[in-house]
Amino acid sequence: MKAMMCPWRDARVIAERLRQPGARLVIALGAESWCGKCRTLRPHFDRLVAVASDNETWLWLDLEDHAEFIGGYIPNDLPQLIVYDGPTLVQCQTLTTAFEAPKAELADDLDVDPRHLSGIRLNLMQEDWGT
């Protein structure tokens, strides 16, 4: 069973994984301390991590706990699912109910301008981010 990685503790491993060909990054952005939907959907997200493909890196980023890391990006609603195939943002949507593994194809209806999210992935690619 795979475990969720922590961007602070596992920075080097995350960076190495994201540099691999075919790397996929799946992020849930939430705020469990005050977002009821986030608390409800977090266990479901954790279950999907356990069955994720080897080329996928799944992270739960908390708006408060990872504020420095996320930068100035503030989603319209929470929790938000953000998916990158390599450097390309392919999915960004607000999660409202239990969800399936992210789609493989590029979504036509991203909830956000990809430029607003570029800093998150770039930060994850720094091996020394967590030090």
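Residues numbered from 1 in each chain as written. Predicted model: local features only at pLDDT ≥ 70, side-chain atom pairs only at ≥ 80, totals over all residues. Heavy atoms only, no water.

*Asks:* I'm lost on the nonpolar core in this one. Help?
*Replies:* Note that soluble globular proteins tend to have their nonpolar side chains buried in a common cluster. Formed by 37 residues in total, the largest nonpolar core has its most connected members in F45, L61, I70, I82, L117, I120 and L124. Of all the secondary structure elements, the ones that give two or more residues to this core are α1 (11–18), β1 (24–30), α2 (36–50), β2 (56–62), α3 (67–70), β3 (80–85), β4 (88–94) and α4 (118–124). Ignoring sequence-local partners within four residues, the contact set of L124 consists of P7, A11, I14, A15, L18, L25, I27, L59 and F69. (Core = buried A, V, L, I, M, F, W, Y, C linked by side-chain atoms within 4.5 Å. Buried < 20%, exposed > 50% of the residue type's maximum accessible area, 1.4 Å probe, protein only. Helix = DSSP H or I, 4+ residues; strand = E, 2+ residues; numbered from the N terminus. Contact = heavy atoms within 4.5 Å.)

*Asks:* When you look at the packing of aromatic side chains in this model, what are you seeing that I'm missing?
*Replies:* Given two aromatic rings, their pairing is described by the distance between the two centres and the angle made by the two planes. Across all of its chains, the model carries 2 aromatic pairs by this definition. Plain terms: the ring middles of F45 and W58 are 5.0 Å apart, the flat faces sit at 50 degrees to each other, and that makes the pair tilted. One end of the pair, F45, is in helix α2; the other, W58, is in strand β2, with 13 residues separating them in the sequence. Assessed through its relative accessible area of 4%, W58 is described here as buried. Taking the centre distance of 5.6 Å and the plane angle of 70 degrees together, the rings of F45 and W60 count as edge-to-face. Residue F45 is found in helix α2, and its partner W60 is found in strand β2; the two are separated by 15 residues along the sequence. Just as F45 is buried, W60 falls in that class too. These aromatic residues form a ring-pair network of at least three members: F45, W58 and W60. Geometry around Y84 places R121 over its ring, the cationic atom sitting 6.0 Å from the centre. (Phe/Tyr/Trp six-rings, centres within 6.5 Å; stacked < 30°, edge-to-face > 60°. Lys NZ or Arg CZ within 6 Å of the ring centre and 35° of its normal.)

*Asks:* Whenever I open this one, α2 confuses me. Can you help?
*Replies:* Helical geometry note: an α-helix holds 3.6 residues per turn, so side chains three or four residues apart project in the same direction. If you look at α2, its biggest bend is around 35 degrees, right at R42, and the proline P43 turns up within four residues after that. Every buried residue of α2 is listed here: C38, L41, R42, H44, F45, L48 and V49. In the core, the buried residues of α2 are packed alongside β1, β2 and β3. (Bend = angle between axes of the 7 residues up to and from the residue.)

*Asks:* Explain the pairing of β4 here, please?
*Replies:* Side-chain positions along a regular strand alternate between the two faces of the sheet. Of the strand pairs in this sheet, β3 and β4 are connected by 6 bridges, and their pairing is antiparallel. Bridge assignment links Y84 to a residue of β4, and that residue is L89. Two successive antiparallel strands, β3 and β4, enclose a turn made up of 2 residues, where G86 displays a positive phi of approximately 60 degrees. (Pairing = 2+ DSSP bridges.)

*Asks:* Can you walk me through α1 in this structure?
*Replies:* Residues A11, I14, A15 and L18 constitute the buried set of α1. Down the axis of α1, the sector holding all buried residues measures 100 degrees, keeping them to one side. (Arc of directions from axis to C-beta.)

*Asks:* Looking at this structure, how should I read unusual backbone geometry?
*Replies:* Comment: phi is negative for the bulk of residues other than glycine, and the bulk of peptide bonds are trans. Between L78 and P79 the backbone carries a cis peptide bond, its omega angle lying at -10 degrees. If you trace the backbone, P79 turns up in the loop between α3 and β3.

*Asks:* Got a minute to help me understand the pattern of salt bridges in this structure?
*Replies:* Side chains that differ in sign of charge can pair as their charged atoms come close. In the structure shown here, the tally under the stated rule is 6 salt bridges. Close ionic contact of D10 with R9 constitutes a salt bridge, the shortest N to O distance being 3.2 Å. Judged by its relative accessible area of 60%, R9 falls in the exposed class. Between K37 and D77 there is a salt bridge whose closest N-O contact spans 3.2 Å. Note that K37 is positioned in helix α2 and D77 in the loop between α3 and β3, a separation of 40 residues in sequence. Taken together, the shared-partner salt bridges connect R24, E56 and D85 into one network. (Salt bridge = Lys/Arg side-chain N within 4 Å of Asp/Glu carboxyl O.)

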